[in-house]
Amino acid sequence: AVKTAIIYLRVSTGKQAEKETPIESQREQCERKAKELGADVIKVFTDEGISGRSDRRPAFQDAIAWCETFPTDYFVTWSTSRFARNRLDAQINKKRLQRAGTLIEYVTVSLDQSDEKNSVLQEGILELFDEYFSLQVSQDTKRSMIANAQKGYFNGGHVTYGYQLKPSITDRKKQVLKPNPLETGTVNRIFELKLSGYGGKQIAEILNGEGRLKRGSKWTKTTVLELLRNERVVGRIAFGKKGREGSLPRSEWIVVDSHEPIVSMQTFDAVQKIMDEQNNVGVKEAGSAKSTRFFTGILKCG
């Protein structure tokens, strides 16, 4: 009977992808590998711009599911790092393929499948190197972004309300955040209202009533609270908000002075203290999101 194979291809995000083997070359080599194995390629799955440290790769999960659903002899990919850069995810998904009766074949490394002990040892060592390299790349990227921010350059992403992007004077290839005079008044108004005792829903109602829209959209409780917690309004950028176990406390963030502030540090700290105290005593910042009562979250039963 003719053997079958599926191919899985992946490149990482941004500049990392420029240093990696292109998708087209990976595919060509994987097809050659399948031919050497005497297998017909019946499906090709591709993830572009996704890290191997994440198991949330749509095409990768589709490839595993395909092998579990349809009899497939080989799962062919470029290297162990294309399969995964996280040992736990790698082992879980290898077990799924093993149960499905599908063998994993790598283009860049040949494992002796007949010697199970040696094969497992080889693959385990490679996975350790892959995970170490992935962590190193992550750390290097973070250091680069921090250095970039310290020089005042914009690292990309959403432009916080109150700011606009302008070309850097020192490096025309870079962009910097500058206060937007059309929005700074509203930013300060939000902080003033919070200091006066208003809740997030109230502030949104007041802003919308004054015609102060958020770039064409109405303010909501959520958008108001997000801005009140955003370090960027005081000219700072925070890194390391999340760890492996989830969100980290603000005390563990790496905060870098980066650009011109809109709100004073004194005002920002005062607002953070109010919001932290409300959270500590279990006060819901703005009451029910569905409430139509203007004083929800402000007036409370004794």
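See the structure printed just above.
Let us look at the structure shown here. (Residues numbered from 1 in each chain as written. Predicted model: local features only at pLDDT ≥ 70, side-chain atom pairs only at ≥ 80, totals over all residues. Heavy atoms only, no water.)

Points about the sheet that holds strand S2 (residues 39-48)
Filter applied, for reference: For two strands to be treated as a pair, DSSP must find at least two bridges joining them. Secondary structure elements are taken from DSSP: a helix is a run of H or I of four residues or more, a strand is a run of E of two residues or more, and numbering for both begins at the N terminus. Helix axes use the C-alpha atoms of the stretch in contact, all axes being lines fitted to C-alpha atoms, and the angles between their N-to-C directions lie in the range 0 to 180 degrees. Two residues qualify as a contact provided that any one of their heavy atoms is within 4.5 Å of a heavy atom in the partner residue.
Here we have 4 strands laid out as an open sheet, ordered S2-S1-S3-S4, and parallel in their pairing. Here the strands that pair on one side only, and so sit at the sheet edges, are S2 and strand S4 (103-106). Neighbour-to-neighbour, the strand axes of the sheet open up by a mean angle of 25 degrees, direction not taken into account. Pairing of strand S1 (residues 3-11) with strand S3 (residues 74-77), which is carried by 4 bridges, proceeds in the parallel orientation. Paired with Ile6 across the two strands is Phe75, which belongs to S3. Sitting on the sheet, helix H2 (residues 23-36) touches S1, S2, S3 and S4, and the angle it makes with S1 is about 160 degrees. Sheet strands in contact with helix H3 (residues 58-69) are S1, S2 and S3, and its direction is about 155 degrees off that of S2.

As for the packing of aromatic side chains
Definition in use: Ring geometry is summarised as follows: Phe, Tyr and Trp rings, the Trp one being its six-membered ring, pair when their centres sit within 6.5 Å, and such pairs are stacked at plane angles under 30 degrees, edge-to-face over 60 and tilted between the two. Three exposure classes are used, based on accessible area relative to the maximum for each residue type with a 1.4 Å probe and protein chains only: buried under 20%, partly exposed in between, and exposed over 50%.
This structure, assessed with the given rule, holds 7 aromatic pairs. With 5.2 Å between their ring centres and 70 degrees between their planes, Tyr8 and Phe60 make a pair best called edge-to-face. With a gap of 52 residues between them, Tyr8 in strand S1 and Phe60 in helix H3 connect regions that are remote in the sequence. Take Tyr8 and Phe60: they sit in the same class, and that class is buried. On the basis of an interplanar angle of 40 degrees and a centroid distance of 6.2 Å, the ring pair of Tyr8 and Phe75 is categorised as tilted. Taken together, the positions of Tyr8 in strand S1 and Phe75 in strand S3 put the pair 67 residues apart, joining distant regions of the chain. Of the two residues examined, Tyr8 and Phe75, each falls in the buried class. Aromatic rings pair up to connect Tyr8, Phe60 and Phe75 into one cluster.

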